[in-house]
Amino acid sequence: MTVTISPAGATDRVAAYTERFAAFLTDEVEPLEADLDRQDVGSPWNPRLDEAGRMHPAVWEARREVQRRSAAAGLYNPHVPSGGGFCRAEMQHVEEFVYRHSGLGLGLAALGWTEGANPAIEHCSDAARSRWLEPLMAGEITAAFANTEISVGTDVLAMQTRARRDGSDWILDGTKAWITNAHFADVVQVTAVTEPGAGTRSLSMFLVDAGAPGFSRGRDIPTMLDDGLTGELHFDGVRVPAEDVVGEVGDGFALAMAWINWRRLCRGGMCAGWGEWLLARAIDRARERTSGGRPIAELQAVQHMLADMDADVYAARAASLQAQAELDAMPGGAFGVPLHADAPRLMSLVKVLNDEAFFRVADRAVQVHGGTGLRLGSPEEKLFRLARNLKIPAGTVEIQRNAIARGLLRRGQ
Ligand SMILES: Cc1cc2nc3c(=O)[nH]c(=O)nc-3n(C[C@H](O)[C@H](O)[C@H](O)COP(=O)(O)OP(=O)(O)OC[C@H]3O[C@@H](n4cnc5c(N)ncnc54)[C@H](O)[C@@H]3O)c2cc1C
């Protein structure tokens, strides 16, 4: 007799989504990948870069085409209320499926990510909804989230970018750095100081048109991801109409945290999906590769690496699903503004558990593959670099521990 236990979030609509996503990968994504292969421009996640260090335009365009087709097929926005409206536990299953079955292919672009709609922008005005949010959800334009500056990362409230009122408009001045999709974004979600000294109410969030006078794109910032997507943005007296303020003036910190927390929670499905993918590849390799005339899968040293990979993926997935289900049950859910006081600890648990478990998984995946795992551009080598990167953006692992400890120490007070 088989006993089936249905985990949180494994709903019928998740099953329907993943079935349609699998068909989308075969019918729409695979032909686009074959097309890209023929062009000698690198692969979707190991692209060649142009002379300015940006992602090769042909790779970018292939990703854009996947986004447009995914939006048309109703697959691009399951995570936002005005899209599929899936809860976080449901999204963990969706994300795991997408990462596991796309591997490092173009299929990853089919699910709205930094470039698409997100829980923070959902707080925009009706006018901004038709000007920005709806085209983003249709895959017609792309976005960036600009919070970090050269001298300010973790210490968000020390940011220098300022916005001052001019009639009903706002004027923005400052420079943002380390911004994903800086080179291509059509609209930028910018946080800026509107009331110096007001603590967590000192910031506001604005939607800035990349065509606005005074806006310019700066240099690429090459990172170990080597994807030509991270760069600087300059705001030199950029005029922003009142309708492009997101939420209320003073909500910027809470909205930035909604965006950042969304990325933190996405680690659950991302690391489970890629973790399972790496584990499957490691098992295949261990069965095929021989040493002393026997498959290395028969060596206890190798078996233990596979077992440790499984233990890390299983534990991080289970803990993340539990945390996401708890967040879904809280008043306001995972992205409420204001946020439930018990929520930050859970979100930080998801991030730190996944970042560190996935780093160990990616390290062992390289080790099982031996020298082949170190070959530049191999999936193991790429995901090892990516796993190292994960411990910094969307809040470092140290900052997650701060939030977890704060959550624990406020208990009973
Ligand atoms: C590939 C990539 C993409 C990115 N994309 C974006 C993006 O799209 N938008 C955006 O706004 N930003 C983005 N970032 C920026 C990213 O969010 C920051 O790099 C991150 O928040 C860390 O800030 P920092 O680099 O300034 O590190 P620092 O803040 O300088 O931290 C340095 C070290 O000090 C520790 N530290 C600092 N303060 C504390 C503290 N209070 N308690 C304990 N330890 C502390 C940190 O944990 C870390 O170990 C991206 C970064 C990278 C690498």
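About the criteria used
Every chain's residues receive numbers from 1 upward, in the order its sequence appears when written. Per-residue local features of the predicted model are confined to residues with pLDDT of at least 70, and side-chain atom pairs are confined, for both listing and counting, to 80 or more; whole-chain, interface and lining totals are unaffected and use all residues. Hydrogens are left out, water is left out, and the side-chain values use all remaining heavy atoms of the structure. Elements are defined by DSSP. Helices are runs of H or I of four residues or more, strands are runs of E of two residues or more, and each kind is numbered from the N terminus. When accessible area is computed with a 1.4 Å probe and restricted to protein chains, residues below 20% of their type maximum are described as buried, those above 50% as exposed, and intermediate ones as partly exposed. By definition in these notes, contact holds between two residues if any of their heavy atoms fall within 4.5 Å. Residue burial considers only the protein chains on display, and all accessible areas are found by Shrake-Rupley using a 1.4 Å probe. When charges are tallied, Lys and Arg are placed among the positive residues and Asp and Glu among the negative ones, while His and the ends of the chain are skipped. Just so you know, the charge point we use is NZ for Lys, CZ for Arg, CG for Asp and CD for Glu. What makes a residue near a molecule or strand is one non-hydrogen atom of that residue sitting within 4 Å of it. Any pair of N or O atoms that falls within 3.5 Å is considered a polar contact. Within protein, one atom must be able to donate a hydrogen and the other to accept it, and sequence-neighbouring residues count only if both atoms are side-chain atoms. Residue ranges labeled as domains rest on an automatic or database domain assignment. UniProt positions are given in the numbering used here, feature names are shortened, and annotations may be inferred rather than shown by experiment. The span you would expect from a helix comes to 1.5 Å times its residue count less one. What is called the bend at a residue is the angle between a pair of axes, fitted to the seven residues leading up to and ending at it and to the seven starting from it. Whenever Lys or Arg places a side-chain nitrogen within 4 Å of a carboxyl oxygen from Asp or Glu, that contact is recorded as a salt bridge. Should DSSP find at least two bridges between two strands, the strands are taken to pair. Joining two parts hides part of their accessible area as seen by a 1.4 Å probe, and the buried area is that hidden amount summed over both. Residues are grouped as follows: Ala, Val, Leu, Ile, Met, Phe, Trp, Tyr, Cys and Pro are nonpolar; Asp, Glu, Lys and Arg are charged; all remaining types, including Gly, are polar.

Colleague: Any chance you could explain the overall build of the protein chain here in plain terms?
Modeller: For the protein chain, the helix and strand inventory stands at nine helices and twelve strands. Overall, the protein chain is about 80 × 60 × 40 Å in size when its C-alpha atoms are taken along their principal axes. Residue burial in the protein chain is summarised as follows: out of 413 residues, 54% are buried. Partitioning the intrachain contacts of the protein chain with sequence separation of at least 6 by distance along the chain shows that 74% fall at a separation of at least 24. Total accessible area on the protein chain is roughly 17,800 Å²; 52% of this is exposed by carbon and sulfur atoms. For the protein chain, the separation between the mean place of its 43 positive charges and that of its 54 negative charges on side chains is 5 Å.

Colleague: Can you walk me through the site of the ligand in this structure?
Modeller: Every one of the 18 residues lining the ligand counts as a neighbour, but Thr-148, Thr-154, Trp-178, Thr-396 and Glu-398 are closest to it. Phe-145 places a polar main-chain atom, nitrogen or oxygen, 2.8 Å from a nitrogen atom of the ligand. Glu-398 places a polar side-chain atom, nitrogen or oxygen, 2.7 Å from an oxygen atom of the ligand. Protein chains shield 65% of the accessible area of the ligand, which is 980 Å² for the free molecule. Broken down by secondary-structure element, the contributors of at least two residues to the shell around the ligand are strand 3 (143-146), strand 5 (169-180) and helix 9 (397-409). Here the shell around the ligand spans two domains, since at least three of its residues come from each of domain 2 (142-246) and domain 3 (253-409).

Colleague: When you look at the UniProt feature "domain: Acyl-CoA oxidase/dehydrogenase middle" (unreviewed entry) in the protein chain in this model, what are you seeing that I'm missing?
Modeller: When the UniProt feature table is mapped onto this chain numbering, "domain: Acyl-CoA oxidase/dehydrogenase middle" (unreviewed entry) sits at residues 144-238. Taken end to end, residues 144-238 has its terminal C-alpha atoms 16 Å apart, with 0% of it in helix and 52% in strand.

Colleague: Looking at this structure, I do not really get helix 5 (residues 252-288). What am I missing?
Modeller: Along an α-helix, residues three or four positions apart point the same way, because every turn accommodates 3.6 residues. The end-to-end C-alpha distance of helix 5 is 53 Å, a good match for the 54 Å that 37 residues give at a rise of 1.5 Å each. The largest bend along helix 5 reaches roughly 30 degrees and is located at Arg-267. Taking burial as the measure, the 37 residues of helix 5 include 29 buried ones, the bulk of the element.

Colleague: What exactly am I supposed to notice about the pattern of salt bridges here?
Modeller: In a structure, side chains of opposite charge can pair up when their charged atoms sit close to one another. Inspection of every chain in the model, using the stated rule, returns 30 salt bridges. Through salt bridges with shared partners, one network takes in Glu-28, Glu-61, Glu-65, Arg-68 and Arg-69.

Colleague: Looking at this model, I keep getting lost on the pairing of strand 4 (residues 162-166). Mind explaining?
Modeller: Of the strand pairs in this sheet, strand 4 and strand 5 are connected by five bridges, and their pairing is antiparallel. Of the residues in strand 5, the one forming a bridge with Arg-165 is Trp-170. Counted between consecutive antiparallel strands, the loop separating strand 4 from strand 5 contains two residues, among which Gly-167 sits at a positive phi close to 65 degrees.

Colleague: Help me out: how do you make sense of the domain arrangement of the protein chain in this one?
Modeller: For the protein chain, the assigned domains read domain 1 (12-117), domain 2 (142-246) and domain 3 (253-409). On a C-alpha basis, the centroid separation for the pair domain 1 and domain 3 is 20 Å. Contact residues are listed per partner, giving 19 residues for domain 1 and 26 residues for domain 3. Summed over both partners, the interface of domain 1 with domain 3 buries about 1,900 Å², with 60% contributed by carbon and sulfur atoms. A per-residue breakdown of the area domain 1 buries against domain 3 is headed by Arg-88, Gln-92 and Leu-104, which together make up 35% of the total. Between the two partners, domain 1 and domain 3, sit one salt bridge. With a closest N to O distance of 2.8 Å, Glu-96 and Arg-317 form a salt bridge. The tally of links from domain 1 across to domain 3 stands at eleven residue pairs in polar contact (both at pLDDT 80 or more). Class assignment of the residues belonging to the side of domain 1 that touches domain 3 gives a composition of eight nonpolar, seven polar and four charged.

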